[in-house]
Amino acid sequence: MARLEYRWLDEKNGYPVLFYYDRIDQDEVSLRFACDYLVKGHVVYEKTSCAALPGCYVIYVKRSTDEQAVDYNHTASTRWGNIQLELREYKEGTMTYPLVHTYYFKDDDEALLYLQSDYLVLDGREWEKTSAEVDEDRRVYVYYARPTL
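Residues numbered from 1 in each chain as written. Predicted model: local features only at pLDDT ≥ 70, side-chain atom pairs only at ≥ 80, totals over all residues. Heavy atoms only, no water.

**Concerning the overall build of the chain**
Part 1 of the reasoning: Check the secondary structure of the chain and you find two helices and ten strands.
Part 2 of the reasoning: Mapped in sequence order, the helices and strands of the chain form the string β-β-α-β-β-β-β-β-α-β-β-β.
Part 3 of the reasoning: Out of the 149 residues in the chain, the part that is buried amounts to 41%.
Part 4 of the reasoning: Just so you have it, the chain exposes about 8,700 Å², and 45% of that area is on carbon and sulfur atoms. (Helix = DSSP H or I, 4+ residues; strand = E, 2+ residues; numbered from the N terminus. Buried < 20%, exposed > 50% of the residue type's maximum accessible area, 1.4 Å probe, protein only. Areas by Shrake-Rupley, 256 points an atom, 1.4 Å probe, with all protein chains shown as cover.)

**A few points about the environment of Arg-63**
Part 1 of the reasoning: Following the sequence through the fold, Arg-63 ends up in strand E5 (residues 56-63).
Part 2 of the reasoning: Put simply, Arg-63 and Leu-9 are 54 residues apart on the chain and 9.2 Å apart in space, counted from C-alpha to C-alpha.
Part 3 of the reasoning: Ignoring sequence-local partners within four residues, the contact set of Arg-63 consists of Trp-8, Val-43, Val-44 and Tyr-45. (Contact = heavy atoms within 4.5 Å.)

**Digging into the environment of Cys-35**
Part 1 of the reasoning: Relative to the elements of secondary structure, Cys-35 occurs in the loop between helix H1 (26-33) and strand E3 (37-40).
Part 2 of the reasoning: What makes Cys-35 buried here is its relative accessible area of 2%.
Part 3 of the reasoning: Setting aside chain neighbours within four positions, we find Cys-35 in contact with Lys-47, Leu-115, Ala-132, Glu-133, Val-134 and Tyr-141.

**Section: the pairing of E3**
Part 1 of the reasoning: Alignment of E3 against strand E4 (residues 43-53), held across four bridges, turns out to be antiparallel. Residue pairing in the sheet places Leu-38 in a bridge with Tyr-45 of E4.
Part 2 of the reasoning: Counted between consecutive antiparallel strands, the loop separating E3 from E4 contains two residues, among which Gly-41 sits at a positive phi close to 60 degrees. (Pairing = 2+ DSSP bridges.)

**Considerations on the side chain of Glu-136**
Part 1 of the reasoning: With respect to the helices and strands, Glu-136 occurs in the loop between strand E9 (125-135) and strand E10 (140-147).
Part 2 of the reasoning: Judged by its relative accessible area of 19%, Glu-136 falls in the buried class.
Part 3 of the reasoning: At 2.8 Å, the side chain of Glu-136 forms a polar contact with the side chain of Lys-40. (Polar contact = N/O pair within 3.5 Å; in protein donor to acceptor, adjacent residues only side chain to side chain.)

Written out as structure tokens, the structure reads:
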């Protein structure tokens, strides 16, 4: 098991720790490293970089000035023991991102491959990733994408 820290991108103050997770699985650290954003406590944090330090993994963040936490009406119900990845349609200039599909994974590695993919194909339609986030408030990973055609 590893330790993961989210640190504020503030060199002047020594990169203070915002959140930490002791005894976190390295696969979950990898999933979080693949995300551009973290939603926690209805606040959106933007990842600036990641680091592997002796005994600790670190994700440096700043508060997002472009994004706001969204309360989704159409959210799949939480299934314990599964990793959930929502595919949501990204639309420029809106705060509404419709749910296209929810993937359920029992295997961290398969979820990571989807999360790191630049493109997903669902029902013959190709989706191009714009960003990814871990939404701790809803216990889900979110893959934002736009259709290619």
